[in-house]
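So the chains spell out like this:
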Amino acid sequence: MNNSDSPDHIEYIRTEVEGKEWFNEEIQELNSSLKICCIPLPRRLFLFVKYIAPTLILLLSFAADIFSGVAVSVRHYRDGHIWWFSLTIIFISAPAVMFIAHAILQTITNPDIQLSKKLLWIVLYICTGGGFLLWPLWSYVKKLLYAIRAFADEENSMVHLEKFHSIGAIGDNMHKMLKAFLQSAPQLLLQLYILLSFPKQDTHTVIAEIVSIIFSLNALTIVIVHFEVNSKHHPSRTARSEQSPEVNDLCCVIVEYLWWLFSIASRVLALAFFASVFKYWVFVICAIHAATLSTCLIF
């Protein structure tokens, strides 16, 4: 029986960050033999490890980053630290605000939309602004559903996997970038600075800060690894069979995640110690960096 006719044969269809599909010959080169880190796995276990588990982890990490930030802001408010509470809320809502600004700008500059419809869209964006904060959750939920369907439906696995890979529009990727560098990164630095500079706090507040730091660091690392792995210049996409006969994305992602995790943690820790001495200089520079990044992403 030909491997292509076997139900255990799953063909990967990758998508670029811009949403472009690979050419047929490149797709053929990425056909999998149902191995994870050189370990052969049964079909269902392979689908679970390759698709369901990572998507579930991304979903939970995104939600945990948001809700841990909300929890630590509540603790700051109860402790009477209005300044820290305000900064935390600003960092949580910053990605949604910038995403709305980008959407409004695109609407205004679109010559194909009439003025009345432009005003209607602008009002709609403003009224539904809170929903943009949790917008990527919907993408993760849809990807998880398609992964579960591919896991359960052997005959139509390819169809569900194609739909799985088709999710991830440019807007979602931009939202991830905004969230990483306008929420997770400043939130990580702020809570770490507070924890190091003011150790005598309420026990529950300290726990909330530590949890927020962990999830913010994890979210920032995941976004960086996501864009790096999905880059068309990544070794797992440019390597040929004679150069790398075994290309295992999961192993590569795990190594890159750990590398970026410790790299980011060490740099942010150094910034937090520096901020404890030169507080205003560090936060002014970070504010300029955030403003520059926002301008580049929006325009």
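Residues numbered from 1 in each chain as written. Predicted model: local features only at pLDDT ≥ 70, side-chain atom pairs only at ≥ 80, totals over all residues. Heavy atoms only, no water.

**Examining the overall build of the chain**
Here is step 1: Secondary structure summary: the chain contains 12 helices and 2 strands in total.
Here is step 2: Moving toward the C terminus, one meets the helices and strands of the chain in the order α-β-β-α-α-α-α-α-α-α-α-α-α-α.
Here is step 3: Within the span of the chain, comprising 299 residues, buried residues form 41% of the whole.
Here is step 4: For the chain, the proportion of contacts with a sequence separation of at least 24, taken over those separated by at least 6, is 73%.
Here is step 5: Of the accessible surface of the chain, which amounts to about 16800 Å², a share of 68% is contributed by carbon and sulfur atoms. (Helix = DSSP H or I, 4+ residues; strand = E, 2+ residues; numbered from the N terminus. Buried < 20%, exposed > 50% of the residue type's maximum accessible area, 1.4 Å probe, protein only. Contact = heavy atoms within 4.5 Å. Areas by Shrake-Rupley, 256 points an atom, 1.4 Å probe, with all protein chains shown as cover.)

**A short note on helix α4 (residues 115–127)**
Here is step 1: In this model, α4 (13 residues) spans 18 Å end to end at C-alpha, consistent with the 18 Å of a helix rising 1.5 Å per residue.
Here is step 2: Taken as a whole, α4 has its buried residues at Lys-118, Ile-122 and Tyr-125. Seen along its axis, α4 keeps its buried residues to an arc of 65°; they face one direction. With respect to the buried face of α4, the exposed residues turned more than 90 degrees away are Leu-120 and Cys-127. (Expected span 1.5 Å × (residues − 1). Arc of directions from axis to C-beta.)

**Description of a nonpolar patch on the surface**
Here is step 1: A grouping of Phe-274, Val-277, Phe-278 and Trp-281 is seen on the molecular surface, where their side chains present a nonpolar patch of about 480 Å² in accessible area.
Here is step 2: With respect to the element layout, Phe-278 can be found in the loop between α11 (249–277) and α12 (279–298). (Patch = residues over 30% accessible without salt bridge, like charges linked within 9 Å, V, L, I, M, F, W, Y side chains within 5 Å. Salt bridge = Lys/Arg side-chain N within 4 Å of Asp/Glu carboxyl O.)

**Remarks on the packing of aromatic side chains**
Here is step 1: This structure, assessed with the given rule, holds 7 aromatic pairs.
Here is step 2: Centroid distance Tyr-193 to Phe-198: 6.3 Å. Interplanar angle 85°. Geometry classified as edge-to-face.
Here is step 3: Assessed through its relative accessible area of 7%, Tyr-193 is described here as buried.
Here is step 4: Three or more aromatic residues joined by ring pairs make a cluster, and in this case those are Trp-84, Tyr-193 and Phe-198.
Here is step 5: Residue placement shows Arg-44 over the ring face of Phe-151; its charged tip is 5.2 Å from the ring centre. (Phe/Tyr/Trp six-rings, centres within 6.5 Å; stacked < 30°, edge-to-face > 60°. Lys NZ or Arg CZ within 6 Å of the ring centre and 35° of its normal.)

**Examining the environment of Phe-46**
Here is step 1: On the secondary structure map, Phe-46 appears in helix α2 (residues 43–78).
Here is step 2: For the pair formed by Phe-46 and Phe-151, sequence separation is 105 residues and the distance between their alpha carbons is 9.1 Å.

**A word on the side chain of Ser-212**
Here is step 1: Looking at where Ser-212 falls in the secondary structure, it is placed in helix α9 (residues 203–229).
Here is step 2: With a relative accessible area of 0%, Ser-212 lands in the buried category.
Here is step 3: Ignoring sequence-local partners within four residues, the contact set of Ser-212 consists of Ser-68, Gly-69, Val-72, Gln-187 and Gln-191.

**Notes on the pattern of salt bridges**
Here is step 1: One pass over the full model with this rule turns up 3 salt bridges.
Here is step 2: Between Asp-202 and Arg-75 there is a salt bridge, with the nearest N and O atoms lying 2.9 Å from each other. One end of the pair, Asp-202, is in the loop between α8 (170–197) and α9; the other, Arg-75, is in helix α2, and 127 residues separate them in sequence.

**Side note on the UniProt feature "transmembrane region" (unreviewed entry) in the chain**
Here is step 1: Under the feature "transmembrane region" (unreviewed entry), the UniProt entry names residues 51–72, 84–108, 120–141 and 210–229.
Here is step 2: Secondary structure content for residues 51–72 is 100% helix and 0% strand, and the end C-alpha separation is 32 Å. (UniProt positions renumbered as here; feature names shortened; annotations may be inferred.)

**A closer look at the nonpolar core**
Here is step 1: Ranked by internal contacts, the top residues of the largest apolar core, which has 25 residues, are Leu-188, Ile-264 and Val-268.
Here is step 2: Of all the secondary structure elements, the ones that give two or more residues to this core are α3 (82–108), α8, α9 and α11.
Here is step 3: Sorting elements by how many residues they give to this core places α9 first, with 8 residues.
Here is step 4: Beyond its immediate chain neighbours, meaning those up to four positions away, Leu-188 contacts Ile-213, Ser-216, Leu-217, Ile-264 and Val-268.
Here is step 5: Ranked by size, the runner-up nonpolar core spans 18 residues in total, among them Ile-66, Leu-144, Ala-147 and Ala-150. (Core = buried A, V, L, I, M, F, W, Y, C linked by side-chain atoms within 4.5 Å.)

**Quick word on the packing of α2 against helix α7 (residues 157–166)**
Here is step 1: Between α2 and α7, whose axes approach to 13 Å, the crossing angle comes to 20°. Compared by their axis directions, α2 and α7 come out roughly parallel. Considering how the two elements wind past one another, α2 and α7 form a crossing that is left-handed. Residues Arg-43, Leu-47, Tyr-51 and Thr-55 of α2 lie in contact with α7, whose contacting residues are Ser-157, Leu-161, Phe-164 and His-165. (Axes fitted to C-alpha atoms, helices over the stretch in contact; angles between N-to-C directions. Parallel < 35°, antiparallel > 145°, perpendicular 65-115°, else oblique. Left-handed = near helix turned anticlockwise from the far one by under 90°.)

**Some details on the layout of surface pockets**
Here is step 1: By volume, the second largest pocket amounts to about 1000 Å³.
Here is step 2: Along the wall of the second largest pocket there are 36 residues; nearest its centre are Pro-186, Leu-189, Phe-283, Cys-286 and Ala-287.
Here is step 3: Those elements that place two or more of their residues in the lining of the second largest pocket are α3, α8, α9, α11 and α12.
Here is step 4: Considering each element in turn, the lining of the second largest pocket owes the most residues, 11 residues, to α12. (1 Å grid on protein atoms, 1.4 Å probe; cavity = no way out; pocket = protein on both sides within 12 Å on 5 of 7 lines; lining within 4 Å. Points joined across faces, edges and corners; volume = space filled by probe spheres on them.)

**Brief notes about the packing of α2 against α3**
Pairs of packed helices are described in terms of their axes, by the angle between the two and the distance that separates them.
Here is step 1: Closest axis-to-axis distance for the α2/α3 pair is 8 Å, and the angle between their directions is 160°. Accordingly, the angle class assigned to the pair α2 and α3 is roughly antiparallel. Between α2 and α3 the crossing geometry is left-handed. Every residue of α3 that contacts α2 at Gly-69, Val-70, Val-72, Ser-73, His-76 and Tyr-77 is listed here: Ile-82, Trp-84, Phe-85, Thr-88, Ile-89 and Ile-92.
Here is step 2: Partitioning the contact of α2 with α3 into residue classes produces 8 nonpolar, 4 polar and no charged. (Nonpolar A, V, L, I, M, F, W, Y, C, P; charged D, E, K, R; others polar.)

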